[in-house]
Amino acid sequence: MVLWKKLLWVAVTILGLASICVLALSRGEPVSALWIITAGFCAAAISYRFYSKWLAAKVLVLNDERATPAVVQNDGKDFVPTNRWMVFGHHFAAIAGPGPLVGPVLAAQFGFLPGTLWILIGATLGGAVHDMIILFASVRRGGKTLGQIVKEEIGWGVGALALISVLAIMIILLAVLALVVVQALAKSPWGVFTIAMTIPIALTMGAGLRSGKFNVAWISAFGLVGLIFAVWGGQFLAQYPSIEAWFRHDQKWIAWAIMIYGLAASILPVWMLLTPRDYLSTFLKLGTVAALALAVVLLHPTLLMPSISRFVDGSGLVFAGPVFPFVFITIACGAVSGFHSLIASGTTPKMLGRESRIREIGYGAMITEMMVALMAMIAACVLQPGEYFAINAKGAPSEVVAKVSAAGFPVTEEQMSILAQDLGEKTMFGRAGGAPTFAVGMAHMFARASASPTALALWYHFAIMFEALFILTAIDAGTRVGRFLLQDLLGNVWRPLGNTRSWSANFLASVLLVAAWGWFLYQGVIDPLGGINSLWPLFGLANQLLSVVALCLGTTLLIKMQKTKYLFVTLVPLSFMCAVTFSAGYLKIFSIDPKLGFLTGAQSLTEQAGALADPHKAAELIRQASVWRFDALVAASFLVLVFLIVLGSAKQWWQLIRGTKPVALRESEFVQISQFEAARS
């Protein structure tokens, strides 16, 4: 490296460290959001330039002379060599679900510092490594899923546990993702119109690219113009009531529509709908995030949330639980996310044309998502803290105002009424979940660039639609990956069901999977209290448990590849994720705080029901108590399954390192140039 380049990277490092120091040492004085952006860009640049390159060259030894599954098994349906940018777009769109948007917003109750540090450190040293290694493992093993690889590399017993636990966890994850989309799109004609329009646009893009008559540039231009029309045109539906009625639907209708879409995305060839639609969505995602970053640079808003709030002790108004371990569970997709391992061992490895792209897609997409999470943290922290807590706290408006003001963040009902009016909403109380808060913060920053009195409402509803689109792309890819996992499991019962080349087997597995997560989704729709409150607490826990399974596999592969001197790459994030996930799971089940522990909370609700004279209210509390007990059972089951997987993995590591068990790499580790050339010809 020439001298000027060395000096440049030294300057980037110093700038990044200085930004983090400013954020960490601030106590009461105004801090610009620009420091978070600067720290993020510096961390992303340094980690990708040096750490990911070292991983690719020294640890994984990526080699373009090896055949990828897309080249060897090209079937025009699941295994399809795809343009690198479209693969990046699909992968990023699939992994960037609600986590990078919702998680940081919720974790902002601890202040901006804990969440920001976890996003920066977790993504660069944990999440991106996690994604890159699992993508590498799947590419080297014919595009096999996480459960299949665990079964082959760690053992049949551990693999069976992994298949069951991963599939069960994924059903919960998909149901939660879908429920968030349903709530965002219900009674929102603009949002439904935009998302509906992306489907025919994507089908046209897929057909055009498949025909070979149009290159990626022309296809991208067509998709971009179509997407701009879909986003811009939705605002005019109100002028045509008869047309608007086609797109105004309740939660039940949207839930069924999402199930049908998930089924189609799972069955149709990957080039037809899934890849072009996710690629199309990436334009809006990255474009909006880039615009948000530009707004922060130009406007440099002040972070109004303190760096560390009083709620780090666990007495938070948004959710209960201390900063350790719950900041690491609440912020998942923006830092370390197990869901990414399902995409990295599902659809993406079946589309890679060259092994070297594992670095740019596995590591690069994750640090891009890191920047999205930082944008979400900024969007939450530039709001008045009183408004932030009033939006997310539960209870009647008068109770919420009193509770938030008593905590040291003054807010009034009149202030919240004006905010709702400016946003074009009836009320902003009781809008918990993180998505509305992100939309408010994003709208505030974008609206500052316009003098229009309706700008705030316009940008707020755009942000809501943007979030729904963000999450829906995780549902389609997740359903297809879930179908692969289910076929892995069904293939052990009857081999033909595991044949992914069989249309009937694919259709049956897709229907079964959609029915499973669709059932949980529908229950959440018809009973919001028992649905979102039941599923959301399990989301973060289940997601992080998946990352533990994936990192166990990554450690096993490094040992088998005789890379024991590099074990710290996976063992450090694995040890940390085990500590935070199992401790969080224990607290969620057994904590004596009824706001935190499922069992204690259920007991408290039962006692409250016994003291009520109204039988209907008592029955509602009894039902909620039953739901929380079910939560405890599901969480305990997940913890036990993953704990057994960790024990089984550790046992094999010991045997491999001591030499009491032979190191047997799969045949796919030794793909020769002749095979690669034969596949290409």
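Residues numbered from 1 in each chain as written. Predicted model: local features only at pLDDT ≥ 70, side-chain atom pairs only at ≥ 80, totals over all residues. Heavy atoms only, no water.

Observations regarding the overall build of the chain
Consideration 1: Regarding its fold elements, the chain presents 27 helices and 2 strands.
Consideration 2: Its C-alpha atoms give the chain a radius of gyration of 24 Å, near enough to 26 Å, the size a compact globule of 681 residues would have.
Consideration 3: In terms of principal-axis extent, the alpha carbons of the chain reach across some 75 × 60 × 55 Å.
Consideration 4: Burial status across the chain gives 59% buried among its 681 residues.
Consideration 5: Counted over contacts in the chain with a minimum sequence separation of 6, partners at least 24 positions apart contribute 83%.
Consideration 6: Accessible surface computed for the chain: about 26200 Å², of which carbon and sulfur atoms make up 67%. (Helix = DSSP H or I, 4+ residues; strand = E, 2+ residues; numbered from the N terminus. Rg over C-alpha atoms; globule rule 2.2 N^0.38 Å. Buried < 20%, exposed > 50% of the residue type's maximum accessible area, 1.4 Å probe, protein only. Contact = heavy atoms within 4.5 Å. Areas by Shrake-Rupley, 256 points an atom, 1.4 Å probe, with all protein chains shown as cover.)

Overview of the packing of helix H1 (residues 3–25) against helix H6 (residues 112–140)
Consideration 1: In the contact formed by H1 and H6, the axes pass within 9 Å of each other and the chain directions differ by 150 degrees. With respect to their mutual orientation, H1 and H6 come out roughly antiparallel. Helix-helix and strand crossings are classified by hand; for H1 and H6 the assignment is left-handed. Contacts from Ile-20, Leu-23 and Ala-24 of H1 reach H6 at Phe-112, Leu-113, Thr-116, Leu-117 and Leu-120.
Consideration 2: Taken together, the residues that form the contact of H1 with H6 break down as 7 nonpolar, 1 polar and no charged. (Axes fitted to C-alpha atoms, helices over the stretch in contact; angles between N-to-C directions. Parallel < 35°, antiparallel > 145°, perpendicular 65-115°, else oblique. Left-handed = near helix turned anticlockwise from the far one by under 90°. Nonpolar A, V, L, I, M, F, W, Y, C, P; charged D, E, K, R; others polar.)

Quick word on helix H16 (residues 357–381)
Consideration 1: An ideal rise of 1.5 Å per residue puts 36 Å on 25 residues; H16 measures up with 36 Å between its terminal C-alpha atoms.
Consideration 2: The buried fraction of H16 is high, at 24 of 25 residues. (Expected span 1.5 Å × (residues − 1).)

Some details on the packing of helix H14 (residues 323–330) against helix H24 (residues 568–590)
Packed helix pairs are specified by the crossing angle of their axes together with the interaxial distance, meaning the distance between the axes.
Consideration 1: Contact geometry for H14 and H24: axes closest at 9 Å, N-to-C directions at 105 degrees. As the angle between them shows, H14 and H24 are arranged roughly perpendicular. Along its contact with H14, which presents Phe-324, Pro-325, Phe-326, Phe-328 and Ile-329, the element H24 presents Phe-576, Val-580, Thr-581, Ser-583, Ala-584, Leu-587 and Lys-588.

A look at a nonpolar patch on the surface
Consideration 1: There is a patch of nonpolar side chains on the surface, built from Leu-224, Ile-228, Phe-229 and Trp-232 and spanning about 410 Å² of accessible area.
Consideration 2: With respect to the helices and strands, the residue Phe-229 is situated in helix H10 (residues 216–233). (Patch = residues over 30% accessible without salt bridge, like charges linked within 9 Å, V, L, I, M, F, W, Y side chains within 5 Å. Salt bridge = Lys/Arg side-chain N within 4 Å of Asp/Glu carboxyl O.)

Quick word on the packing of aromatic side chains
Consideration 1: With the rule as written, the count across this model stands at 23 aromatic pairs.
Consideration 2: Aromatic pair Phe-110 and Phe-319: ring centres 5.6 Å apart, planes at 90 degrees, arrangement edge-to-face. You can see Phe-110 sitting in the loop between helix H5 (99–107) and H6 and its partner Phe-319 sitting in the loop between strand S2 (302–303) and H14, a full 209 residues away along the chain.
Consideration 3: Taking relative accessible area as the criterion, Phe-319 reaches 18% and is therefore assigned buried. (Phe/Tyr/Trp six-rings, centres within 6.5 Å; stacked < 30°, edge-to-face > 60°.)

Let's talk about the environment of Val-176
Consideration 1: Along the polypeptide, Val-176 turns up in helix H8 (residues 156–185).
Consideration 2: When the C-alpha positions of Val-176 and Leu-538 are compared, they lie 9.2 Å apart, and in sequence the two are 362 residues distant.

Considering the pattern of salt bridges
Consideration 1: For the structure shown, the criterion picks out 6 salt bridges.
Consideration 2: A salt bridge links Glu-153 to Arg-141; the shortest N-O distance between them is 2.9 Å. Linking Glu-153 in helix H7 (residues 146–153) with Arg-141 in the loop between H6 and H7, this pair joins segments that are 12 residues apart in sequence. An identical accessibility class is assigned to Glu-153 and Arg-141; each is buried.
Consideration 3: Here Glu-244 ties to Arg-248 by a salt bridge, and the two come within 3.2 Å at their closest N and O atoms.
Consideration 4: Judged by relative accessible area, Arg-248 falls into the partly exposed class, the value being 38%.
Consideration 5: Members of the salt-bridge network, linked through shared partners, are Arg-141, Glu-153 and Lys-560.

Section: the environment of Ala-70
Consideration 1: The residue Ala-70 is located in helix H3 (residues 69–72) in this model.
Consideration 2: Taking the relative accessible area as the measure of exposure, Ala-70 reaches 0% and is therefore buried.
Consideration 3: Once the C-alpha coordinates of Ala-70 and Val-80 are considered, the two residues, 10 residues apart in sequence, prove to be 5.1 Å apart.
Consideration 4: Setting aside residues no more than four positions away along its own chain, Ala-70 makes contact with Phe-79, Val-80, Pro-81, Pro-349, Lys-350, Met-351 and Leu-352.

What to know about helix H9 (residues 189–211)
A turn of α-helix holds 3.6 residues, and therefore any two residues three or four places apart point the same way.
Consideration 1: Along its 23 residues, H9 runs 34 Å from first to last C-alpha, staying within 8% of the 33 Å computed at 1.5 Å per residue.
Consideration 2: At the exit of H9 stands Gly-212, carrying a positive phi of roughly 80 degrees.

Here we look at the side chain of Ser-52
Consideration 1: Here Ser-52 is to be found in helix H2 (residues 34–59).
Consideration 2: Its relative accessible area of 0% is what places Ser-52 among the buried residues.
Consideration 3: From its side chain, Ser-52 meets the backbone oxygen of Tyr-48 in a polar contact 2.3 Å long.
Consideration 4: Dropping the residues within four chain positions of it, Ser-52 is found in contact with Ser-47, Met-132, Arg-359 and Tyr-363. (Polar contact = N/O pair within 3.5 Å; in protein donor to acceptor, adjacent residues only side chain to side chain.)

Considerations on the state of the cysteines
Consideration 1: One pass over the full model with this rule turns up 0 disulfides.
Consideration 2: Free of any disulfide, Cys-42 has its nearest cysteine sulfur in Cys-21, 12 Å distant.
Consideration 3: With no disulfide of its own, Cys-333 has Cys-578 as its nearest cysteine by sulfur position, at a separation of 19 Å.
Consideration 4: The class for Cys-333 is buried, based on a relative accessible area of 3%. (Disulfide = S-S within 2.5 Å.)

Let's talk about unusual backbone geometry
Consideration 1: In this structure, Pro-325 follows Phe-324 across a cis peptide bond, with omega equal to 15 degrees.
Consideration 2: Mapped onto the elements of the fold, Pro-325 is located in helix H14.
Consideration 3: The backbone phi angle of His-300 is positive, close to 30 degrees, even though this residue is not glycine.
Consideration 4: Within the fold, His-300 resides in the loop between helix H13 (274–299) and S2.
Consideration 5: The partly exposed category is assigned to His-300, whose relative accessible area is 44%.
Consideration 6: One non-glycine residue, Gln-562, adopts positive backbone phi at about 60 degrees.
Consideration 7: Mapping Gln-562 onto the fold places it in the loop between helix H23 (528–560) and H24.

Structural notes on the confidence of the model for the chain
Should the pLDDT be low somewhere, the predicted coordinates at that spot are not to be read in detail.
Consideration 1: Looking at the chain as a whole, the pLDDT averages 84, with 93% of positions reaching at least 70.
Consideration 2: Considering each helix and strand of the chain separately, the mean pLDDT is smallest for helix H27 (residues 673–680), with a value of 48, and largest for H6, with 96.
Consideration 3: Counting contacts from residues 667–676, a segment whose pLDDT is below 50, to residues more than four positions away or on other chains yields 17 contacts. (pLDDT = per-residue confidence, 0-100.)

Focus: the environment of Phe-598
Consideration 1: Mapped onto the elements of the fold, Phe-598 is located in helix H25 (residues 598–610).
Consideration 2: Residue classification places Phe-598 among the buried positions, given a relative accessible area of 4%.
Consideration 3: In this structure, the C-alpha to C-alpha distance between Phe-598 and Ala-632, residues 34 residues apart in sequence, is 5.7 Å.

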